[in-house]
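For reference, the chains in residue letters:
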Amino acid sequence: MPRMESVRQVVTANGITQAVRVAGPPDGVPVLLIHGNCSSALFWEPLVRRLPATLRVVAPDLRGYGETDTAPVDATRGLRDFADDVAALLDEESLFPTGARAVLAGHSLGGGVAMQVLVDHPDRVAALLLSAPVSPYGYGGTRDLAGTPTTADFAGTGGGTANQDFVKRLAAGDRGADVPTSPRNVLRATYVADPAALGEDEELLLDSVLSTATGDDNYPGTAVASAHWPGTAPGRRGVLNALSPAHFRIADDLVAVADKPPVTWVHGDADVIVSDTALMDLAYLGSLGAVPGWPGEVDCPPQPMVGQTRAVLDRYAAAGGRYREVLLPGCGHSPHLERPAEFVAELLALTGGPTA
């Protein structure tokens, strides 16, 4: 079966110039691929090569990533700035047929964006494929399956939680491997469970990571001081603040969507970015002694990210939707890179297309 190659296209949508990777015939089954944090549309390229030419695949660079405008992120809107940009692409006639209902596949942060597009535009979504998605209660700062805040100001979330040496190396375009905080080593150690999964695409994927725009309006964003451990709370600008549960709490809205498309949730049991023991969750790092002064399990438990997603999708199903959970043993944060055959099969099941 012929496989696809993507081409770059530039469109103006939602008031910004967006770079997208496009593959497949204009009348193919519409698929929209939404990348995660610190990456770009290129992060999907190894997957696109494996897809059949019956699909119309569009993979945008989100604002502040890749070659899309470095537009600011208003964190008080949660992930809606990104979702509005993505939704506008569905009305771009050079990309999709008029009125297209697309299968949305979102990775990590992109999973949260996909959820937001469904909430805001349920008539445009045929199905969701959530790949290691951020919890519907945001990232960090909540204590239980209902997303109860750990502190009133959501301390320990937002822009102040980023590793500043990693941010500095991102901004400098560092391609080295001499320290753990280099983008290459972060890619190898946290995006996948086994760096061998990057294969010959490592440089391409590193290019994608390094395309991240840094600063107060983008990654990581602003921070404010907190009286609560660890002394930082989310600001109002930038990506990590948009992911904070102070601003992104979509669980109830997701469950309330009237027209519920099928959802497939794919994740790995060796994910260290989105898990119940996530290495970017300061509460979990505190429990390991990696961040001093942790107040303890009662006051500041790690966020049960996976449990939260499952609980919300159970509510979605109880309200008339349906979902399928696919847990991949030994897989890390990037199922489409680490377990591509299984990932393609799940995507094609949602498109109603042929198996790979």
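Structural data are supplied above this passage.
Analysis parameters
- Residues numbered from 1 in each chain as written.
- Predicted model: local features only at pLDDT ≥ 70, side-chain atom pairs only at ≥ 80, totals over all residues.
- Heavy atoms only, no water.
- Axes fitted to C-alpha atoms, helices over the stretch in contact; angles between N-to-C directions.
- Helix = DSSP H or I, 4+ residues; strand = E, 2+ residues; numbered from the N terminus.
- Parallel < 35°, antiparallel > 145°, perpendicular 65-115°, else oblique.
- Contact = heavy atoms within 4.5 Å.
- Nonpolar A, V, L, I, M, F, W, Y, C, P; charged D, E, K, R; others polar.
- Buried < 20%, exposed > 50% of the residue type's maximum accessible area, 1.4 Å probe, protein only.
- Polar contact = N/O pair within 3.5 Å; in protein donor to acceptor, adjacent residues only side chain to side chain.
- 1 Å grid on protein atoms, 1.4 Å probe; cavity = no way out; pocket = protein on both sides within 12 Å on 5 of 7 lines; lining within 4 Å.
- Points joined across faces, edges and corners; volume = space filled by probe spheres on them.

Trainee: Please explain the packing of helix H5 (residues 183–191) against helix H6 (residues 202–210) as it appears in this structure.
Mentor: How two helices pack is summed up by the angle between their axes together with the distance between the axes. At their nearest, the axes of H5 and H6 sit 10 Å apart, and the two run at 105° to each other. Judged by the inter-axis angle, H5 sits roughly perpendicular to H6. Side by side, H5 and H6 meet where Pro183, Arg184, Leu187, Arg188 and Tyr191 of the first sit next to Glu202, Glu203, Leu205, Leu206, Val209 and Leu210 of the second. In terms of residue class, the contact of H5 with H6 is made up of seven nonpolar, no polar and four charged.

Trainee: I would appreciate a short explanation of the side chain of serine 6 in the present structure.
Mentor: Along the chain, serine 6 turns up in the segment before strand S1 (7–13). Taking relative accessible area as the criterion, serine 6 reaches 11% and is therefore assigned buried. Looking at serine 6, its side chain comes within polar contact range of the side chain of arginine 21, at 3.1 Å. At 2.8 Å, the side chain of serine 6 and the side chain of glutamate 45 are in polar contact. Residues in contact with serine 6, not counting those within four places in the same chain, are Arg21, Val22, Ala23, Glu45 and Val48.

Trainee: Can you help me understand empty space enclosed by the protein in this one?
Mentor: Over the atoms, a rolled probe matching the size of one water molecule traces out where space is still vacant. Applying the stated criterion across every chain yields a total of two cavities of 30 Å³ or more. Together, 13 residues line the largest cavity, and Gly141, Ala155, Gly156, Ala283 and Cys300 are the ones closest to its centre. In this structure, the second largest cavity encloses a volume near 40 Å³. Ala132, Pro133, Trp265, His267, Asp271, Val274, Met305, Val306 and Thr309 are the residues that line the second largest cavity. When contributions to the lining of the second largest cavity are tallied by element, the ones reaching two or more residues are strand S11 (263–268) and helix H10 (305–318). Looking at which element gives the most residues to the lining of the second largest cavity, the answer is H10, with three residues. Class assignment for the residues of the lining of the second largest cavity results in six nonpolar, two polar and one charged.

Trainee: For this particular structure, what's the right way to read the environment of leucine 170?
Mentor: As for its position among the elements, leucine 170 is in helix H4 (residues 164–172). Overall, leucine 170 belongs to the buried group, its relative accessible area being 2%. Separated by 96 residues in sequence, leucine 170 and valine 266 have C-alpha atoms that sit 28 Å apart. Aside from chain neighbours lying at most four places away, what touches leucine 170 is Cys38, Pro183, Val209, Leu210, Thr212, Thr214 and Tyr219.

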